Each structure stands twice: as C-alpha cells, then as structure tokens.
Amino acid sequence: MTTTDKDLTVVHLMRHGEVANPDGVLYGRLSGYHLSELGRRMADRVAEHLSSRDVTHVVASPLERAQETATPIAKAHGLDLATDGRLIEADNVFQGKTFGVGDGALKKPENWKHLVNPFKPSWGEPYVDQVVRMKGALDAARDRARGHEAVLVSHQLPIWIVRSYVERRRLWHDPRKRQCTLASLTSFTYLGDTIVSVGYSEPAIDLVPEHLRAGAKPVKGKNNTGQGKAFGA
C-alpha cells in the first residue's frame, strides 16, 4: 500500500502562553486568568510559525488563556476558532490557592490527605480520565482535518499525560521533567486513524524565561505563573 498525503494528518497540541498571575495562584480551571503581554507575544510567534502550514482546524480549551493563545492562529488561517471542553486543564483540589514546597497550601495539615496517592493522583482528576478526554479531542480533530493539520490549544498536564500514554510511558511522573514548555507544540502524526509518530517543538523558546523552561529548577520569587508544579499549570 502506498502512503499519500491524504492518508497523513497532523494534530498539534499547543500549550498556552504565559499567564498574568502576579499572586502565584494555582489558577487551574478558574476563569479570569488571561495571557500576559509576554504570553500574547508567544501566541503571535507560534501563529507566525504555523502560517505556512496546512492548518484547516483550530480548537481551544474554554479557558481564557487557551482561547487567547489560539485566536491569532485561527486568524492567520482565516478560520473560526472552535472550543472543545475536553481540552480543559486538569481538575485540582488546590485550585485558587498558592502552592509550593514548604509554603502555601502544603503547610496546612488539612491538605495533606490530598497527597496520599501520587499515582492516581489523589489531589485532582485521575490521569486515566485525562487520557480519555484528551485522546477523544485529538481523534475528533483528526477527523475534522483529515489530510491536513489541526491545532489544539490546551494545558501542560493534560498534554503531557496524553503524550505519555501514546508513547507508552507510565502516567505518574516527576512534573519537573515534563517536556511541555509554554507555547510549545506536541505534534501527533496520524496515518489513517493511527498515530505513527510524535514530535515536539518550541517556536517561541527565546521568549520563555529560563526558569520556566522544561527541566529548570524553581527559583525563589519566580512563581508568577505557577509553572512546573505537580498539581497542574
């Protein structure tokens, strides 16, 4: 059987850009958290990067930061922006609180009960549930963009979890080792209905502060976006 362009579809899962969050709140699914000025620059950079690609479908999580990241991409291709609730951030009991090792919510004994099972995890939406909804969103976008490309804007933890599932890694993990920097693209190539490869790129990496890049060590006082925490970002 000969593979043709019509057999290949690429679905890019993009993480949103930087969020304005001066208080360092774990914003989770809360409304009212928008891109910072830098985050908007990241979104524009990725839109420019993808402008020559054969993108026929653009979708975003319903949260403002994802919608704002996806808007310039849809505009660059003359497309309406669709919304898929399956792309939303992972649910989290620490939503709305400040969080970090040795400070914030971890200092309160009443919160310790949520930390008993990191494999599920016990503090939020089960990893398996994230896989189910994210894989459903990926496959739906594949169907809408067959033979072309789609861009889906979502959030760090759900993106990493579905990638881990596709690449047959365990779902529980060290959050510091997630390869999912702000405004990055995790790209799934389908041959027919089957994912045959996964790629990763960072078109706006020069705009991402070093302490927010994948594998960076936390820096005291650098918590304005809540990146890199185990409980979602």
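Residue positions are given per chain, counted from 1 along the sequence in the order it is written. In keeping with the predicted nature of the model, local features appear solely for residues at pLDDT of at least 70, side-chain atom pairs appear and are counted solely at 80 or more, and the whole-chain, interface and lining totals rest on all residues. Side-chain metrics in this entry use all non-hydrogen atoms of the structure; hydrogen atoms and water are not considered.

Asks: In this structure, what is going on with the overall build of the protein? I would like to understand it.
Replies: Only DSSP runs of H or I covering at least 4 residues are called helices, and only runs of E covering at least 2 are called strands; the numbering of each starts at the N terminus. For the protein, the helix and strand inventory stands at four helices and eight strands. Throughout, exposure labels follow a simple rule: accessible area from a 1.4 Å probe, protein chains only, divided by the maximum for the residue type, with under 20% read as buried, over 50% as exposed, and the rest as partly exposed. In the protein, buried positions account for 48% of the 233 residues. In the protein, of all internal contacts separated by at least 6 residues, the share reaching a separation of at least 24 is 70%. Every residue pair with non-hydrogen atoms within 4.5 Å of one another is taken to be in contact.

Asks: Quick question: what am I supposed to make of the pairing of strand β8 (residues 194-201) here?
Replies: Regular strands have side chains that alternate between both faces of the sheet. In this scheme, strands are said to pair when DSSP sees at least two bridges between them. In this structure, strand β7 (residues 185-191) lies alongside β8, joined through seven bridges in antiparallel fashion. From the neighbouring strand, L191 faces β8, where its bridge partner is T194.

Asks: I'm lost on the pattern of salt bridges in this one. Help?
Replies: Once the charged atoms of two side chains with opposite charge are near each other, the side chains can pair. Salt bridges are counted wherever a side-chain nitrogen of Lys or Arg sits within 4 Å of a carboxyl oxygen of Asp or Glu. Within this structure, the stated rule accounts for 15 salt bridges. The salt bridge involving D139 is made with K135; its shortest N-O contact spans 3.0 Å. Of this pair, D139 and K135 both sit in helix α3 (residues 127-144), four residues apart, which is roughly one turn of the helix. Take K135: its relative accessible area is 22%, and that puts it in the partly exposed class. Of the charged contacts in the structure, one is a salt bridge between D143 and R142, with a shortest N-O distance of 3.0 Å. Accessibility expressed as a relative area gives 41% for D143, which makes it partly exposed.

Asks: Sorry, what's going on with the sheet that holds β7 here?
Replies: The strands making up a sheet are joined through hydrogen bonds of the backbone, oriented either antiparallel or parallel. The six strands are arranged β3-β2-β6-β1-β7-β8 in an open sheet whose pairing can be described as mixed. Of all strands in the sheet, those bounded by a partner on one side alone are β3 (81-83) and β8. Taking each pair of neighbouring strands and ignoring which way they run, the sheet shows an average axis angle of 25 degrees. Angular values range over 0 to 180 degrees, each being the angle between N-to-C directions of two axes fitted as lines to C-alpha atoms, with helices fitted over their stretch in contact. Along the sheet, α3 makes contact with β1 (8-15), β2 (55-60), β6 (149-154), β7 and β8, crossing β1 at roughly 135 degrees.

Asks: Help me understand the environment of M14 in this model?
Replies: Along the chain, the position of M14 falls in strand β1. With 168 residues separating them in the primary sequence, M14 and L182 have C-alpha atoms 8.5 Å apart. The residues contacting M14, other than those within four sequence positions of it, are V46, T69, I73, V151, L152, V153, S154, I159, A183, S184 and L185.

Asks: So what exactly am I meant to see when it comes to the packing of helix α1 (residues 37-50) against helix α2 (residues 64-76) here?
Replies: Helices that pack against each other are described as a pair by the angle of their axes relative to one another and the distance between those axes. The N-to-C vectors of α1 and α2 enclose an angle of 30 degrees; their axes lie 8 Å apart at closest approach. One way to sum up the angle between α1 and α2 is to call them roughly parallel. Of the two elements, α1 crosses α2, and the hand of that crossing is right-handed. Contacts from A43, D44, V46, A47 and L50 in α1 reach E68, T69, P72, I73 and A76 in α2. Geometric relationships in this document are graded by angle, where less than 35 degrees denotes roughly parallel, more than 145 denotes roughly antiparallel, 65 to 115 denotes roughly perpendicular, and other angles denote oblique. Crossing chirality is assigned from the near helix's rotation relative to the far helix, an anticlockwise turn below a right angle marking it left-handed and a clockwise turn marking it right-handed.

Asks: It is not clear to me how α3 should be interpreted in this structure. Could you clarify?
Replies: Turn by turn, an α-helix covers 3.6 residues, leaving residues three or four places apart pointing in a common direction. Helices are assigned an expected span. That span is 1.5 Å times one less than the residue count. With 18 residues, α3 should cover 26 Å at 1.5 Å per step; its first-to-last C-alpha distance of 26 Å lies within 8% of that length. Taken together, the buried positions of α3 are Y127, Q130, V131, R133, M134, A137, L138, D139, A141 and R142. Summarising the contacts, the buried residues of α3 are in contact with β1, β2, β6, α4 (156-166) and β7.

Asks: I'm lost on the confidence of the model for the protein in this one. Help?
Replies: Any region with low pLDDT has predicted coordinates that should not be read closely. Confidence scores per residue from the predictor, reported as pLDDT, run from 0 to 100. When pLDDT is averaged along the protein, the result is 87, and 79% of the positions lie at 70 or above. A low-confidence stretch, residues 220-232 (pLDDT under 50), is modelled with 41 contacts involving residues beyond four sequence positions or located in other chains.

Asks: Mind showing me how you'd approach unusual backbone geometry here?
Replies: Residues apart from glycine generally show negative phi values, whereas peptide bonds are mostly found in trans. One non-glycine residue, R168, adopts positive backbone phi at about 60 degrees. Of note, R168 is situated in the loop between α4 and β7. Unusually for a residue other than glycine, A183 sits at a positive phi of about 65 degrees. Assignment of secondary structure puts A183 in the loop between α4 and β7.

Asks: For this particular structure, what's the right way to read the nonpolar core?
Replies: One recurring pattern in soluble globular proteins: nonpolar side chains tend to sit buried together. Counting 22 residues, the largest nonpolar core has M14, M42, V46, I73, V151 and V153 as its most contacted members. For this core, the elements supplying multiple residues, two or more each, are α1, β2, α2 and β6. No other element matches α1, which puts five residues into this core. For V151, the contacting residues outside a window of four places in its chain are H12, M14, L50, V55, H57, V58, V59 and I73. By convention a nonpolar core is built from buried Ala, Val, Leu, Ile, Met, Phe, Trp, Tyr and Cys residues, the set being connected through side-chain atoms within 4.5 Å. If you look at the next biggest cluster of nonpolar residues, it comprises 17 residues, including V11, L13, I159 and F188.

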